[in-house]
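Residue-level structural notes
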Amino acid sequence: QYEYSTYGEIATRVRHIACGLLDLGLERGQRAAILAESRPEWAIADLACQMIGVISVPLFSTLPAVQVKGILKDCGAHLVFVSSKAQLKKIVEIAGELP
């Protein structure tokens, strides 16, 4: 079911995520990956990254864990946003092989 959000509500969510990224220690120029399907949260995560100068790295949600690992190693992402337990499972599976 679709939920309507106002621009103000989205802006508040973007600011909260941006502040969370800063609290986690991310800095301008560092990378955060987004492993998610097309959904409002994808755009919110991307906008939060842009707000603080973090480079977002989009990952296709259909990629298998081994390909996600290769991209994450190559891009040097400090954080990965995931959209679901299935996406989180991919990250947990490869976490020990990432810096």
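This one's a predicted model, so the numbers in the text were calculated from it and none came from an experiment.

1. Notes on the nonpolar core
Side chains that are nonpolar tend, in soluble globular proteins, to be buried together. One finds Leu-21, Leu-26, Ala-32, Cys-49, Val-54, Leu-79 and Phe-81 to be the most contacted residues of the largest nonpolar core, which totals 15 residues. Looking at this core, the element that brings in the most residues is helix α2 (residues 40-52), giving 5 residues. Judged by nonpolar contacts, the second largest core, of 11 residues, contains Leu-35, Leu-59, Leu-72 and Ile-91.

2. Focus on the side chain of Asp-46
For Asp-46, the position within the fold is in helix α2. Here Asp-46 occupies a buried position and makes no salt bridge, while the nearest side chain of opposite charge, Arg-31, is found at 12 Å. A polar atom in the side chain of Asp-46 sits 2.5 Å from the side chain of Ser-56.

3. So, helix α1 (residues 7-23)
The end-to-end C-alpha distance of α1, which contains 17 residues, comes to 24 Å, matching closely the 24 Å that a straight helix rising 1.5 Å per residue would cover. For α1, the complete set of buried residues consists of Val-14, Ala-18 and Leu-21. Along the axis of α1, the buried residues cluster in a sector spanning 60°; they form a single face. Of the residues in α1, the exposed ones pointing more than 90 degrees away from the buried face are His-16 and Asp-23. Tucked inside the fold, the buried residues of α1 contact α2 and β3 (79-82).

4. Some thoughts on the sheet that holds strand β1 (residues 31-35)
Pairing within the open sheet is parallel, and its 3 strands lie in the order β2-β1-β3. Two strands close off the open sheet at either side, each with one partner strand: β2 (55-59) and β3. The average undirected angle you get between the axes of adjacent strands in this sheet is 25°. Pairing analysis gives 5 bridges linking β1 to β2, with the strands arranged parallel.

Parameters and conventions
- Residues numbered from 1 in each chain as written.
- Predicted model: local features only at pLDDT ≥ 70, side-chain atom pairs only at ≥ 80, totals over all residues.
- Heavy atoms only, no water.
- Core = buried A, V, L, I, M, F, W, Y, C linked by side-chain atoms within 4.5 Å.
- Buried < 20%, exposed > 50% of the residue type's maximum accessible area, 1.4 Å probe, protein only.
- Helix = DSSP H or I, 4+ residues; strand = E, 2+ residues; numbered from the N terminus.
- Lys, Arg positive; Asp, Glu negative; His and termini not counted.
- Salt bridge = Lys/Arg side-chain N within 4 Å of Asp/Glu carboxyl O.
- Polar contact = N/O pair within 3.5 Å; in protein donor to acceptor, adjacent residues only side chain to side chain.
- Expected span 1.5 Å × (residues − 1).
- Arc of directions from axis to C-beta.
- Contact = heavy atoms within 4.5 Å.
- Pairing = 2+ DSSP bridges.
- Axes fitted to C-alpha atoms, helices over the stretch in contact; angles between N-to-C directions.

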